Structure formats: structure tokens, C-alpha cells
Amino acid sequence: MGVLTYLAPQEVTVGRPTVLQGTFDPQKVTDISVIAEDRYPLPVAINPSDRTWRVTLDRGFSGAGVRWLRLRGKNGANQVQSDRVVYLTVSPQPMAEAEGLSVKVLQNTWLKVAPSGSSTLNDEQKAFVRAGETFKVRRYAARNGHLALEFETPISPVGQFGYFYQPHVRLSWQGQDFFFEEDELPPPPAGTILVWVSRDTKIKALPESSGQLPEERQVTLFAGQTLIAYGYACVDGHFRVTLRDSIPKLGNSGYLYQGHVRLKQGDEWLDYDRNALTVTLEKTTAFKKRPINSSQLSAADKVTLNAGMIYGISSYALEDSHFRVALTENFPGFGNTGYLFADFVQLKEGGQPFNVFPSLSYRGPAEVMVGQPTVLNGTFDPSKAVAVSVVAEDKFALPVTLDRAGGTWRVTLNQGFNDPGLRWLRVKSTDRTGGTIGSQVIYITVSNDALTVGDTLTVKILRNTLFKIAPIDSARLTSLQKVRFDTGTVLAVTKYGFVDGHLKVVLKTPVAPVGDFGYFYESHVELSKGNQVLRFDIGDVPDIPMTGELLVTQTTYIKLKPESASSLPTSQKGRLLLGQSFGVLGYASMSGHLRVTLKESVPGFGKVGYIYRNHVQLRQDGKLIYYDPDALTLTIRQQTALKRRPIAASQLRAGDKTSRNSCQDMATPATCFPTTYGCGAADRRSICFLNCRSTSNSTFPTSPSAGIPDFTGLRVTSLRSRWYLPTTASNQRRTTPSPMTYWSGFLTVTVRGLKPNTKFSSD
């Protein structure tokens, strides 16, 4: 051990608590000082018993960069025994760490304690390294033309952490070279795009914050890494790229945050365009060389594109009921230009649908109440169009009335829409030959909840903040790219979304110089529809005394089955809005969905259903609950008993077993206290039937009460009763029976899980 040494750390992250430490010889050193850059003395704690010293900085270092510290030791006579300079790298973000990293020296060079000229450093602050040598690396970062590296094995005299001049070495990961300067980048192959990762990031299955996605839906990419892509599209602050080489867990397509990567096509760098044109595939269809039925084309003249995919567009035109488009995507062996059937796609600008055919428009309501008389209307060009059709979800044609003199069309629904949910309609105009000359899809929210009808969206400023053109640090924006709003300001909003911790909104009234579209930092504002506050972070959901809380992070559906919402009728799904929150009584992971039991019913649907796992967040006891693909679930396939012991049910008393999936009739006295129960085999939501009948002139009870046996692990959450007179038509029923000689009936009781030995009682 030397007279006075510095052990660690050699690299820290800005703003993080930091402890500097080293050793000393107490026989020679009695006083130790650490001075930052010969200006700021730091508090030093000395422990002579274990010969160590330390400096504790609770707030760490406030600024990024290479800092130097003077470490000095004196003896009891105040004589300097050791005086040295220690270099410490303060990083703006943690260094990248991965297995399989290595660095190869391309020419004779120096490994240094700081990213400075080697001539400015003494022999203890640098190590000469020859060309051809290779070193294994744990962590790295590119800074100031240098590579900051943490090695697996120390290199004397520098140690385990040091800097190489970046042009003199090549960093690689699992055999793939990394590049940190533009002039080093290899040219992309013809017809492809080079994707250059400028900082550590994630490639994701969806254009959402990586913190909102499970690990299996994202893969880490490292600064300096390059990928080859066939095409790209600008979507919600991300580049959607189609990669040449597949990525584990994601395949060939994924989303990259636009601020973390750069794209190069030929010699041109491609900028992210928030107003870019894109086409979304609503149905799986063919990208074709000619605007004819795809069955008439050879395999070489068409490429199948899957529903849900989004592609960038550089130009488009309408031709023979098709869009002739030039995509920002190159399909090997096919190219990037071709035809898409207009009815199967939707064109968007800046992520918002727009009317490609100004001669055909919709001017009706966007939100209506279920069962309310509704009028849908718009305009068309009578000089070109001979017919206008309106088809609900490409299935149900609605009656259209044309006013050719006024150039308007109208659909009158006297009884409105029968079912709540998000409905979509295709409005199309055709010419005399039947060719499409206008087509657009309109969306209408049908609800029996006032949340989605009538009330306007508003955003309230909770603290002084900025409205910005991009969801990035406002310090990176000019005065023309942001505008300040004071606390308490309330603004009307027409559309909203959530991305990278920011609320994305379209304001009803534009604000100079930003306009109507921009971003607020989410924690600085509060979005409401009517009197309901919409939440965007699971931490914002107020704690409520129950099992857990659920936050909707993307507008979605709660469904009766874990299937695509588009394949279910409206009666089997209920719409959930981005930002809504619910109390949760229970959940299970299955088929890519969370099956949840909510505290309150979703209007028109109920309390129990399936929600796609990536569209919500769950919290229980202050912790996030993630979808578990390996979760165990149990399905009862035939009548059986849940028992306290693994023996024949016939050998157990009633309190030690409970029968499931059985339906039984039973005769009891007029008081109708059944001694057994059954669960309807056709209903998996634990709906049980208590059957009883009487031969006396008594009134039957309308709720279970004392006398009903223990139902281990169950409780009543809802109850209804129906009583039938067997001697009349089977469809005749009454709420309570009149005094008759003979009656039979049943109680329908919904049960949910509770603690063991809970008695069956009315809710």
C-alpha cells in the first residue's frame, strides 16, 4: 500500500450521491485534504484503524465533465508526504454496459486518465498501447472525441478506467463494430437506409415510452451501433423502421425514439417530420404493380402488407379506386411504388386522418348518446358523383338521402345507435362507371356515459410551464419553438395523447408562435373531460382502499373474451379512454390480456373483462404489477368439488368442500333456505343458482339470509330474483309470487373470491 492512494470511483453520474475513497499509511500521514480543482475543499473522513479515507457527497457533482481533484497528505509536522492529481469523469448519464464488448487498438496510442492531450499528462497518468492489442470492456461512453472505457482487467498505471482517442481504436460488441463519428460510417447498401444509434436507446414494439412496455416488447441498442433498414415512417415521435436483419423478440419491425437515432439514405440525412404523410393498413392487403384485383397478378407483381402496419409516404394519387403511392420503404425485388386499394387503408398527416377527397366531407357529430336520434351529414360534388354510400364498419349499409342541388348527403337514424362503443363508418362517392372518386372513414363515439358526450376537453396549468413543439427539454428549443403559460390557465383541447412523459394536445385555439399542436410536460398540467380528471401516470392515480388501481394508458376496450376488439360485437366490449382510472378487486394474466374485476361497472358492459396488457397499468400496494406470461390459471371443465383434503368428496362434511359447475333442483320449506347450491355450467363468471319451491301459501324471500350454508372463499356481489308459476306460460314471471298452492323459482347470485369461511350473505 502506498503512502496515500485513490481507489474509486473513476466515473460517476451527475447528480448522484457519490463516495470518494482511498487508503493511507497512518505512520506517515495524519492529515488528508481533497480539493476540487484547487478551489473547493471537500470534507474528508479518516479511519486510521482500517487505513482508509473517504469523502461523502450526498448530492454528487452538479455538472458533467472531467473533474480533477488534488489529493494531499501531510505528517504530524505538517510536511507534505504525498501530493497527486486524481481525475474523475462526471457523466450526464450512466455508461453503457453489455457483455461481449471489446476494443481493438488500430494504431499505437495512449490510454489516459482524462480526455486530454497525452503530452499534458505525466507517466502515471497514461499507458502506451501498441496497435493490434485487444481489451475486454465492461462499460463505455463516447465523449469529447474519446472513448471512456471501464476494462475487465486494469491496465497499469492508469487502472481499470481510462480514455482512448476515438479514431485510434475500434469498439465492437459481439463482433459488430461501433461508430461514433459521421466520417467513419460505412455507406448503406443500395436501396437501404443506415440507422445510426446516437445514444443508448430501445427499439420497441410500439411507439410508447419504454417505461410503459414490458421487457419482452423492447430490446436495448447501444450508442454507436448501426442497423440496416429497408424503410421508415414518422409515427408519434418515433421512426418505425423495417430492418434487414431480424431482432430477437421483435422481428424485422420496430419503433425508435427519433431523438436517439439518425437515419441516412445515400448521402442524405433524413429528418423526423411530425407532419409526415403515412398510410395505415386497416386490412391485410396487397401492394400491387397495377390497380386491379390482386388475384389477377403474379407473385412478382404484389407484396402482402399486414393489417396494422404503418408506412411512410412521399407522394400519392387516386387511380381506379386505388391509391398510387410512393412509400418511404423499399421492398426487395419489388421497389417502393405501387397501388393500394383505397377502402383498405387510411392516409394520415402528422398522425391524424385527413380528407384526401375535399369534394366529399363529413360534418356530423363525433360523439352521440346510445339510443339517441342521430343525423349524419356531409357534402359531395354532384357534378362528378352519382351516388354516395355510408357503410357501418364495412358491413351494414345505411340509407342515404342526397340533395343534389345543395351538394349534401344525409343519413337519419331515428333510433340512433343501439350499442355503446367506438363506431366507424366508410363514406364513399362513386361516378357513373362505379369507380371511387371519394372515400373516407369517420369515427363516432357512441356512449351511455356523459364522460364522452357533450363535455369538452380542457387542460389546466398546475404550475408555470411551456407549450413546446417537441417532447424534449425546453432548454434545447428556441424562443420560436415554445411559449410560456402561467399557473391556473385553462385551455380548450380537441385531441390529446401521451408520449415520453408529455401530454400531446391539439388546442382549440392556436397560440403563437407554436400553433395549435404541441406538448406539455405532463406533471405540470391536468387534463379533464367534464369533471373527470384523466390520468397518464400510474403514480397519479389516487390511492383507494381496495386491492389495486388500474390506469388506462392507451384508449382501448374491456372485452368479454381475450380476442381482438375488432372481431367482437359492440355488446361484448366497452370503450376505455386514455387517462381513465379504476379500482381493481382482482386480476389474472392470460392470452396476452389482463382479466380484471373492477370496483365499478363500465357503462353498458359490467365489472369483469379482459384488457390488452399493453394498454393499461396496474398498481397494488404502491408497486406496479406486470403481465406474467407464465402465470398459472385454472379452468373447471366438469362438475367437481373444491376440497380441504385430497379425498373423496363424499367423505367430507359440507363445510370442507364446495361444489362447482353443478345445477340442482331442490325442494325446501316455504322459508326457502336451501342446503346446497349450484353454479351454472354455461357461465364462467361464477353465477350460481339457488333453486327452491314451496307447497304453502307463503311469500318467497328475495334475498339469501341466515340459514344458507358457508361458501368457502365466496361472497355475494349482486343479486336478482325471478319466480315462475309452473301452471302458466313459461315466459310469465313476477318479482314476488302471489299466494298459490305451488311455486318454484331461483335466485341468481354473482360471487367473487373472498377470505376462507366467509358466509354467504346479501351485498
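Parameters and conventions
Counting starts from 1 at the beginning of each chain's written sequence and moves along it residue by residue. It should be noted that, the model being predicted, local features are given only for residues of pLDDT at least 70 and side-chain atom pairs only at 80 or more, the latter also being counted only at that level, while totals for whole chains, interfaces and linings use all residues. Derived side-chain values reflect all non-hydrogen atoms in the structure, with water molecules and hydrogen atoms excluded from consideration. As used here, the term nonpolar core means buried Ala, Val, Leu, Ile, Met, Phe, Trp, Tyr and Cys residues forming a set that is joined through side-chain atoms within 4.5 Å. In this scheme, a residue with accessible area under 20% of its type's maximum is buried, one over 50% is exposed, and one in between is partly exposed, where area comes from a 1.4 Å probe on protein chains only. Note on conventions: DSSP H or I runs of at least 4 residues are helices, E runs of at least 2 residues are strands, and numbering of each starts at the N terminus. Paired strands, in this sense, are two strands between which DSSP finds at least two bridges. Contacts are residue-level and defined by heavy atoms, with any inter-residue pair within 4.5 Å sufficient. Lines are fitted to the C-alpha atoms to define the axes, a helix being fitted only along its stretch in contact, and any angle between axes, read from their N-to-C directions, falls within 0 to 180 degrees. Patches here are clusters of residues that have more than 30% relative accessible area and form no salt bridge, with a 9 Å joining cutoff for like charges and a 5 Å cutoff for nonpolar side chains (Val, Leu, Ile, Met, Phe, Trp, Tyr). Residue exposure ignores everything except the shown protein chains as possible cover, and the areas themselves are Shrake-Rupley values with a 1.4 Å probe. Salt bridges are identified by distance alone: a Lys or Arg side-chain nitrogen within 4 Å of an Asp or Glu carboxyl oxygen. We treat Lys and Arg as the positive residues and Asp and Glu as the negative residues; His and chain ends play no part in the count. Every charge is mapped to an atom, namely NZ of Lys, CZ of Arg, CG of Asp or CD of Glu. Two rings from Phe, Tyr or Trp (for Trp, the six-membered ring) form a pair when their centres sit within 6.5 Å of each other. Planes less than 30 degrees apart are called stacked, planes more than 60 degrees apart edge-to-face, and all others tilted. We call a charge positioned over a ring when the NZ of a Lys or the CZ of an Arg lies within 6 Å of the ring centre and within 35 degrees of the ring normal.

(A) Focus on the nonpolar core. With 36 residues, the main nonpolar core has L376 and W409 as its most contacted residues. Residue assignment for this core shows that the elements contributing at least two residues are β25 (277–281), β28 (310–319), β29 (322–331), β31 (345–349), β36 (387–392), β39 (408–413), β40 (421–430) and β41 (436–447). Residue contributions to this core peak at 4 residues, all from β29. Membership of the second largest hydrophobic core comes to 27 residues, among which are L111, V137, Y140 and L171.

(B) Seen up close, the pairing of β25. Counting buried residues along β25, 4 of its 5 residues qualify, which places the element largely inside the surrounding structure. Across 5 bridges, the pairing between β25 and β31 is antiparallel. Looking at β31, one finds that T280 is bridged to Q346. Bridge count between β25 and β28: 3 bridges; the pairing is antiparallel. Looking at the pairing, V279 lines up with Y311 of β28.

(C) Inspection of the side chain of T278 at higher detail. Here T278 is to be found in strand β25. Not counting residues up to four positions away in its chain, the partners in contact with T278 are A233, C234, I310, Y311, G312, I313, Q346, L347 and K348.

(D) How the structure looks around the sheet that holds strand β56 (residues 616–620). Here 8 strands make up an open sheet; going across it, the order is β52-β51-β55-β54-β53-β50-β56-β57 and the pairing antiparallel. Bordering the open sheet on either side are β52 (573–576) and β57 (623–625), each of which pairs with just one other strand. Between one strand axis and the next, the sheet turns through 45° on average, direction left out of account. Summarising the sheet, strand β54 (residues 593–602) and strand β55 (residues 606–612) pair through 6 bridges and their orientation is antiparallel. Bridge assignment links V596 to a residue of β55, and that residue is G609.

(E) Molecular detail of a negative patch on the surface. A surface patch of like charges, here negative, comprises E268, D271, D273 and E349. Looking at where E268 falls in the secondary structure, it is placed in strand β24 (residues 268–270).

(F) The arrangement of the pattern of salt bridges in detail. Scanning the entire structure with this criterion turns up 22 salt bridges. Taking the shortest distance from any N to any O, the salt bridge between E11 and R139 comes out at 3.1 Å. On the criterion of sequence distance, the pair formed by E11 in strand β1 (residues 11–13) and R139 in strand β12 (residues 134–143) is long-range, its members being 128 residues apart. An identical accessibility class is assigned to E11 and R139; each is buried. For D394, the salt bridge identified is with R426, shortest N-O distance 2.9 Å. On the criterion of sequence distance, the pair formed by D394 in the loop between β36 and β37 (396–398) and R426 in strand β40 is long-range, its members being 32 residues apart. A relative accessible area of 29% places D394 in the partly exposed class. Residues joined in a network through salt bridges with shared partners are E282, K283, D343, D394, R426 and K428.

(G) View of the packing of aromatic side chains. Inspection of every chain in the model, using the stated rule, returns 21 aromatic pairs. Through a chain of ring-to-ring contacts, three or more aromatic side chains come together here, namely F287, Y311, F331 and F334. Lying over the aromatic face of Y311, R240 brings its terminal NZ or CZ to 5.0 Å of the ring centre.

(H) Inspection of the environment of S566 at higher detail. Along the chain, S566 turns up in the loop between β51 (556–559) and β52. For S566, a relative accessible area of 65% corresponds to the exposed category. Put simply, S566 and E393 are 173 residues apart on the chain and 9.6 Å apart in space, counted from C-alpha to C-alpha.

(I) Spotlight on the sheet that holds strand β3 (residues 31–36). Reading across the sheet, the 5 strands line up as β1-β8-β7-β3-β4 and stay open at both edges, with mixed pairing between neighbours. The open sheet has two edge strands, β1 and β4 (40–42), and neither has a second partner. The mean angle between the axes of side-by-side strands here comes to 35°, regardless of whether they run parallel or antiparallel. Direction of pairing for β3 relative to β4: antiparallel, over a ladder of 3 bridges. Residue pairing in the sheet places I35 in a bridge with P41 of β4.

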